[in-house]
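Structure at a glance
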Amino acid sequence: MKKSISVLVLLAILAVGAFAQGISMSAGGGAIVDMSFNNGVKEDSDNKWLMRNMSFGGFVFFDATYAEVNVSFAYGLVSDYGKAGGSSFGPDKFGSVLQLGFSLLGKYPIELGPVTVFPLLGASYNMVLSAKDDDGDKIDDPMDFSQFGLLAGGGVDYDLTDSLYLRGEVLFQLRFASKTMKDMADFFGGDFKTTLGMGPVIKIAVGYRF
């Protein structure tokens with residue numbers, strides 16, 4: 001919990017710094033799809049335990065020309081696959097999570113008339129608020145599934161009016177192992193190591209320039 005609070009404070013400080021640039025600012029909100037694969041532990045190609053997290057939700061963003069801060073709330077459908085430590089898992093074992101996401105992205109806008117394109121690069125933190133297993137029972141310590149990540153991609157703004165615009169973004173995300181996965185690797189022992197989660201993040205939103 002202390003680490004999570006520290007992350008939120010850091011993002012807030014960075015956001016204030018971005019907004020203090022004295023440049024054009026805007027805000028908005030929309031829908032987000034976050035598909036994260038390969039989260040787990042692995043010894044070799046045959047001996048592994050991995051999880052998928054297919055998340056859908058909404059988000060708000062604050063933009064300061066060269067920086068973008070996002071806060072999202074999403075529902076994730078989680079499934080496991082592979083085998084590890086002598087136990088087999090199938091893709092039909094599903095659970096669910098509720099998540100609060102934070103990201104800070106640097107961006108460089110390139111104006112092309114009513115369209116602005118921009119590359120994006122930054123960091124994220126996916127905070128798991130609650131989790132349930134495939135039987136619908138609550139899982140203890142859901143925060144242990146939370147993950148830091150790195151994001152890279154691009155976006156485009158299309159002006160509807162001088163103040164109103166549509167925004168679309170497509171990013172690739174790498175997620176570092178959660179505490180749960182680190183504990184899992186320790187439990188299996190041997191040559192088991194944690195894996196990097198990865199997958200696309202797709203966002204579409206409406207923004208308003210102040």
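This structure is a prediction, so every number in the text was calculated from the model and none was measured.

Scanning all chains against the criterion turns up five aromatic pairs. Look at Tyr66 and Tyr108: their rings are 6.1 Å apart centre to centre, the planes differ by 35°, and that puts the pair in the tilted class. Taken together, the residues Tyr66 in the loop between strand S2 (48–63) and strand S3 (67–84) and Tyr108 in the loop between strand S5 (94–107) and strand S6 (110–112) connect sequence positions 42 residues apart. Overall, Tyr108 belongs to the exposed group, its relative accessible area being 52%. Residues Phe187 and Phe188 carry aromatic rings whose centres are separated by 5.5 Å and whose planes lie at 65° to one another, so their mutual orientation is edge-to-face. For Phe187, a relative accessible area of 67% corresponds to the exposed category. Overall, the relative accessible area of 21% leaves Phe188 in the partly exposed class. The aromatic ring of Phe118 is capped on one face by Lys107, whose charged end is 4.7 Å from the ring centroid.

Moving on to the environment of Gly40. Within the element layout of this structure, Gly40 appears in strand S1 (residues 26–42). Its relative accessible area of 1% is what places Gly40 among the buried residues. As a C-alpha pair, Gly40 and Thr180 span 140 residues in sequence and 8.8 Å in three-dimensional space. Excluding residues that lie within four positions of it along the chain, Gly40 makes contacts with Trp49, Leu50, Met181, Lys193, Thr194 and Thr195.

Time to look at helix H2 (residues 179–188). Of the residues making up H2, those classed as buried are Thr180, Met181 and Ala185. Buried residues of H2 fall within an arc of 140° about the axis and therefore sit on the same side. Exposed side of H2, more than 90 degrees from the buried face: Asp186 and Phe187 are the residues found there. Where H2 is buried, its residues contact S1, S2 and strand S10 (193–194).

A few words now on a nonpolar patch on the surface. Residues Tyr158, Leu160, Leu164, Leu166, Val206, Tyr208 and Phe210 make up a contiguous nonpolar surface patch of about 690 Å² in total accessible area. Those elements that provide at least two residues to the nonpolar patch are strand S9 (164–175) and strand S11 (197–209). Looking at the element boundaries, Phe210 is found in the segment after S11. With a relative accessible area of 68%, Phe210 lands in the exposed category.

Together, Glu43, Asp44, Asp46 and Asp191 give the surface a local cluster of negative charge. In this fold, Asp44 is placed in the loop between S1 and S2.

Turning our attention to unusual backbone geometry. Even without glycine at this site, Asn38 takes up a positive phi of about 70°. If you trace the backbone, Asn38 turns up in strand S1. Of note, Asp141 is a non-glycine position whose phi angle comes to about 50°, a positive value. Counting through the fold element by element, Asp141 comes out in the loop between strand S7 (115–132) and strand S8 (147–159).

Conventions used here
- Residues numbered from 1 in each chain as written.
- Predicted model: local features only at pLDDT ≥ 70, side-chain atom pairs only at ≥ 80, totals over all residues.
- Heavy atoms only, no water.
- Phe/Tyr/Trp six-rings, centres within 6.5 Å; stacked < 30°, edge-to-face > 60°.
- Helix = DSSP H or I, 4+ residues; strand = E, 2+ residues; numbered from the N terminus.
- Buried < 20%, exposed > 50% of the residue type's maximum accessible area, 1.4 Å probe, protein only.
- Lys NZ or Arg CZ within 6 Å of the ring centre and 35° of its normal.
- Contact = heavy atoms within 4.5 Å.
- Arc of directions from axis to C-beta.
- Patch = residues over 30% accessible without salt bridge, like charges linked within 9 Å, V, L, I, M, F, W, Y side chains within 5 Å.
- Areas by Shrake-Rupley, 256 points an atom, 1.4 Å probe, with all protein chains shown as cover.
- Salt bridge = Lys/Arg side-chain N within 4 Å of Asp/Glu carboxyl O.
- Lys, Arg positive; Asp, Glu negative; His and termini not counted.
- Charge placed at Lys NZ, Arg CZ, Asp CG, Glu CD.

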